[in-house]
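Summary of the model geometry
Okay, here's what each chain looks like letter by letter:
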Amino acid sequence: SQTIHQWPATLVQPVGSPLSLECTVEGTSNPNLYWYRQAAGRGLQLLFYSVGIGQISSEVPQNLSASRPQDRQFILSSKKLLLSDSGFYLCAWSGEGTGGKTQYFGPGTRLLVL
Amino acid sequence: TQLLEQSPQFLSIQEGENLTVYCNSSSVFSSLQWYRQEPGEGPVLLVTVVTGGEVKKLKRLTFQFGDARKDSSLHITAAQPGDTGLYLCAGWENSGYALNFGKGTSLLVTP
């Protein structure tokens, strides 16, 4: 069966510090991978998605970046965090291809920037 | 731009009551998914509806996909405190690589 991991679960970082959040998927190959941010228990904002190694699509301009160094690894990064980067970050995967694929979420990372 | 509108945004009811949550859009979706999320956790998939007019039941939860595949509803019968959570609808566009999410309906069921 497929599983998705995210770490760390919680992170407190000062403004201006760097960020690296990691997501890995097990039990599948060639997944589509996604990073979302969720504010205050509301809807999900898509940040990045990837359909293959080294292929990153950005949905929202920001000071965050994403990378996919391996097939089942997705990393969210920042060189200098802003207060507005605080939130709940969710990684997700779905089967390859477009439309109609079930999307599965990881447990999330709570980020607080002070 | 939020393509999916969910209503109501907040709902507080007593145990045993029935409720309906709506998810509406002007776009046509190839499929639509409903998730439930508890605080501090990732969303968990409840159901996927694919065919226009489709009705799916999951115990006390009934999901319906509109005939034109632009809207959906979630009906809960005899709500229980364990149904408390954030309910999210999300739709795939035909050529899209990513889901479009509604803003969610926050449900509180009190004993």
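First, a word on scope: everything that follows refers to the structure included in this document. Bear in mind the structure is a predicted one, so any value in this text is a computation, not a measurement.

**Concerning the overall build of chain A**
Looking only at helices and strands, one finds zero helices and eleven strands in chain A. The secondary structure elements of chain A, listed N-terminal to C-terminal, are β-β-β-β-β-β-β-β-β-β-β. Its C-alpha atoms give chain A a radius of gyration of 13 Å, within 12% of the compact-globule value 13 Å for 114 residues. Taking the principal axes of the C-alpha coordinates as reference, chain A spans close to 40 × 25 × 20 Å. The buried share among the 114 residues of chain A stands at 49%.

**A short note on the sheet that holds strand β3 (residues 19-26) of chain A**
Residues and elements named next belong to chain A. Here we have four strands laid out as an open sheet, ordered β1-β3-β8-β7, and antiparallel in their pairing. Edge positions in the open sheet fall to β1 (3-7) and β7 (64-70), since each of these has one partner strand only. Strand-to-strand twist across the sheet, computed as the mean angle between neighbouring axes with direction ignored, equals 20°. Bridge count between β3 and strand β8 (residues 73-78): six bridges; the pairing is antiparallel. Considered in β8, the bridge of T24 is made with Q73.

**Focus on the side chain of T105(B)**
Residue and element names in this part refer to chain B. Residue position: T105 is located in strand β11 (residues 105-110). Here the side chain of T105 touches Q6 through a polar contact of 3.5 Å, side chain to side chain. Separated by 2.6 Å, the side chain of T105 and the backbone oxygen of P8 make a polar contact. Other than its neighbours up to four places away in sequence, T105 contacts Q6, S7, P8, Q9, V21, G85, L86 and Y87.

**Quick look at the interface of chain B and chain A**
Taken together, the contact between chain B and chain A spans 28 residues of the former and 25 residues of the latter. Buried area between chain B and chain A, summed over both chains or domains, comes out near 1,800 Å², and the portion from carbon and sulfur atoms is 57%. A per-residue breakdown of the area chain B buries against chain A is headed by W92(B), Y97(B) and F101(B), which together make up 30% of the total. Our count for the contact surface shared by chain B and chain A stands at zero salt bridges. Where chain B touches chain A, the interface holds three residue pairs in polar contact (both at pLDDT 80 or more). Broken down by secondary-structure element, the contributors of at least two residues to the side of chain B that touches chain A are β4 (31-37), β5 (44-49) and β9 (85-92) of chain B. Here the element with the most residues in the side of chain B that touches chain A is β4(B); it accounts for four residues. When its residues are assigned to classes, the side of chain B that touches chain A shows eleven nonpolar, 14 polar and three charged.

**Section: a nonpolar patch on the surface**
Residues and elements named next belong to chain A. Taken together, the side chains of V12, L112 and L114 present a nonpolar region at the surface, about 280 Å² in accessible area. Its location among the elements puts L114 in the segment after β11 (109-113). For L114, a relative accessible area of 58% corresponds to the exposed category.

**A closer look at the state of the cysteines**
All told, the structure shown has two disulfides over all chains when counted by the stated rule. The residue that forms a disulfide with C23(A) is C91(A), at a sulfur-sulfur distance of 2.0 Å. Here the S-S torsion is close to -75°, and the disulfide linking C23(A) with C91(A) is therefore left-handed. Taken together, the residues span a long stretch of sequence, with C23(A) in strand β3 and C91(A) in strand β9 (residues 87-94) at a distance of 68 residues. Under the relative-accessibility criterion, C91(A) is labelled buried at 0%. For C23(B), the disulfide goes to C89(B), at an S-S distance of 2.0 Å.

Scoring rules and cut-offs
Residues numbered from 1 in each chain as written. Chains lettered and ligands numbered in written order. Predicted model: local features only at pLDDT ≥ 70, side-chain atom pairs only at ≥ 80, totals over all residues. Heavy atoms only, no water. Helix = DSSP H or I, 4+ residues; strand = E, 2+ residues; numbered from the N terminus. Rg over C-alpha atoms; globule rule 2.2 N^0.38 Å. Buried < 20%, exposed > 50% of the residue type's maximum accessible area, 1.4 Å probe, protein only. Pairing = 2+ DSSP bridges. Axes fitted to C-alpha atoms, helices over the stretch in contact; angles between N-to-C directions. Polar contact = N/O pair within 3.5 Å; in protein donor to acceptor, adjacent residues only side chain to side chain. Contact = heavy atoms within 4.5 Å. Buried area = accessible area lost by both parts, 1.4 Å probe. Salt bridge = Lys/Arg side-chain N within 4 Å of Asp/Glu carboxyl O. Nonpolar A, V, L, I, M, F, W, Y, C, P; charged D, E, K, R; others polar. Patch = residues over 30% accessible without salt bridge, like charges linked within 9 Å, V, L, I, M, F, W, Y side chains within 5 Å. Areas by Shrake-Rupley, 256 points an atom, 1.4 Å probe, with all protein chains shown as cover. Disulfide = S-S within 2.5 Å.

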